[in-house]
Amino acid sequence: MLKLGVNIDHVATLREARYRGRGGGEPEPLEAARLCENAGAHGITVHLREDRRHIQDRDIWKLRGAIQTRLNLEMANVPAILEIALKLKPDIVCLVPERRQEVTTEGGLDAAGHCSDLAETRRKLNASGIEVSLFITPDPEQIRAASQIGSQFIELHTGAYAESYHEIARRDFELNRLMASAEFAHSLGLQVNAGHGLNYHNLPSLLRVPHLVELNIGHSIISRAVLVGMTQAVQDMLALMAPYRPGQ
Ligand code: PXP
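About the thresholds
- Residues numbered from 1 in each chain as written.
- Predicted model: local features only at pLDDT ≥ 70, side-chain atom pairs only at ≥ 80, totals over all residues.
- Heavy atoms only, no water.
- Salt bridge = Lys/Arg side-chain N within 4 Å of Asp/Glu carboxyl O.
- Helix = DSSP H or I, 4+ residues; strand = E, 2+ residues; numbered from the N terminus.
- Pairing = 2+ DSSP bridges.
- Axes fitted to C-alpha atoms, helices over the stretch in contact; angles between N-to-C directions.
- Contact = heavy atoms within 4.5 Å.
- Buried < 20%, exposed > 50% of the residue type's maximum accessible area, 1.4 Å probe, protein only.
- Right-handed = clockwise from strand over helix to strand, strands pointing away.
- Disulfide = S-S within 2.5 Å.
- Parallel < 35°, antiparallel > 145°, perpendicular 65-115°, else oblique.
- Left-handed = near helix turned anticlockwise from the far one by under 90°.
- Nonpolar A, V, L, I, M, F, W, Y, C, P; charged D, E, K, R; others polar.

S.K.: Explanation requested: the pattern of salt bridges in the structure shown.
M.R.: Between side chains of opposite charge, pairing is possible as soon as their charged atoms come close. Inspection of the entire model under this criterion finds 13 salt bridges. Arg15 is the salt-bridge partner of Asp59, the closest N and O atoms lying 2.7 Å from each other. Placement of the pair is Asp59 in helix 3 (residues 57–66) and Arg15 in helix 1 (residues 9–19), with a sequence separation of 44 residues. When salt bridges with common partners are traced through the structure, they connect Arg15, Glu16, Arg20 and Asp59 into a single cluster.

S.K.: Would you mind showing me how to read the sheet that holds strand 8 (residues 212–217) here?
M.R.: Hydrogen bonds between backbone groups are what pair the strands of a sheet, and the pairing can be parallel or antiparallel. Strand order around the closed barrel formed by eight strands is 1-2-3-4-5-6-7-8, with parallel pairing between neighbours. Neighbouring strand axes in the sheet, compared pairwise and without regard to direction, differ in orientation by 25° on average. Two strands pair when backbone bridges link them, and strand 6 (residues 153–157) and strand 7 (residues 191–195) are joined in this way by five bridges, in the parallel orientation. Across the sheet, Glu155 pairs through a bridge with Asn193, a residue of strand 7. Packing against the sheet, helix 4 (residues 79–88) makes contact with strand 3 (71–75) and strand 4 (92–95), and its axis sits at approximately 170° to strand 3. Of the strands in this sheet, strand 5 (131–136) and strand 6 are in contact with helix 6 (residues 140–149), which crosses strand 5 at around 165°.

S.K.: Mind showing me how you'd approach the pairing of strand 3 here?
M.R.: Along any regular strand the residues' side chains alternate between the sheet's two faces. For strand 3, the tally of buried residues reaches five of five residues, placing the bulk of the element in the interior. Of the two faces of strand 3, the one carrying Leu71, Leu73 and Met75 and the one carrying Asn72 and Glu74 are both buried. For strand 2 (residues 43–47) and strand 3, the ladder comprises four bridges, and the chain directions are parallel. Paired with Val46 across the two strands is Leu73, which belongs to strand 3. One crossover worth recording links strand 2 to the parallel strand 3 by way of helix 3, and it is right-handed.

S.K.: Sorry, what's going on with the state of the cysteines here?
M.R.: Here, the word disulfide means a covalent bond between the sulfur atoms of two cysteines. One pass over the full model with this rule turns up zero disulfides. This cysteine, Cys36, is not joined by any disulfide, and Cys94 carries the nearest cysteine sulfur, 18 Å off. Cys115 supplies the cysteine sulfur nearest to Cys94, a cysteine that is in no disulfide, at a spacing of 16 Å. In this structure Cys94 comes out as buried when scored by relative accessible area, which is 1%.

S.K.: What is the right way to look at the packing of helix 5 (residues 115–127) against helix 6 in this model?
M.R.: Packed helices, taken two at a time, are described by the angle between their axes plus the distance between the axes. Packing of helix 5 against helix 6 leaves a shortest axis separation of 9 Å and a crossing angle of 45°. By the criterion of interaxial angle, the relationship of helix 5 to helix 6 is oblique. In this structure, helix 5 crosses over helix 6, and the sense of that crossing is right-handed. For the pair helix 5 and helix 6, the contacting residues are Cys115, Leu118, Ala119 and Arg122 in the first and Ala145, Gln148 and Ile149 in the second. Split into classes, the residues belonging to the contact of helix 5 with helix 6 amount to five nonpolar, one polar and one charged.

Rendered as structure tokens:
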């Protein structure tokens, strides 16, 4: 079964829009996480950004103590956040690039260009019992690097696919890249997740990508939840994912 990890960063974005710097406030990410889990989500994802623009330190500790599924911490490979991760012990860390000016995580990690730094971080996390994923573009060089680094997972960046969704030729090109990349990663023994920009419209075609373990989806689910509630939003996404067959 294809798993769904719900990224709840934007629940915190909404809270910070009113309560920044005050502590407390609504909506509470932990309550959102509980609703996601009760609706059938298989994991909860949060990105503790260096600028703390949405998720705060107190959020990750509350989540660690309460969630029943899996906590996936997205983070930049920087010492201060790594120190927090090693204490927090999420089930899995997804290493992502981070630029202060970006609205959301824009590109993939340059795993090939930072092999030794990433391998060292990967070793520290694994030694603490934390699995590691690398958020990379669907590119053979990056996949080979992820394998050399020794990460357990990769998360294929689906942003270009999502952006090109309404232009058939580009969409097919991006979909083919994702399919070939998943195949290649699987052949190297990597487990394959995917995410970024996925929504209720572009998800069904993505199900052609083989070997997927989990999708990480944030903005579209939180947006729908504003209108129909979190439970319905998560269940609608799970229903779209249900036909997935990994070994196609
Ligand atoms: N995966 C990663 C690594 C991300 O950085 C993000 C965005 O925070 C997502 C998935 C979710 O993207 P979206 O909010 O577009 O669904």
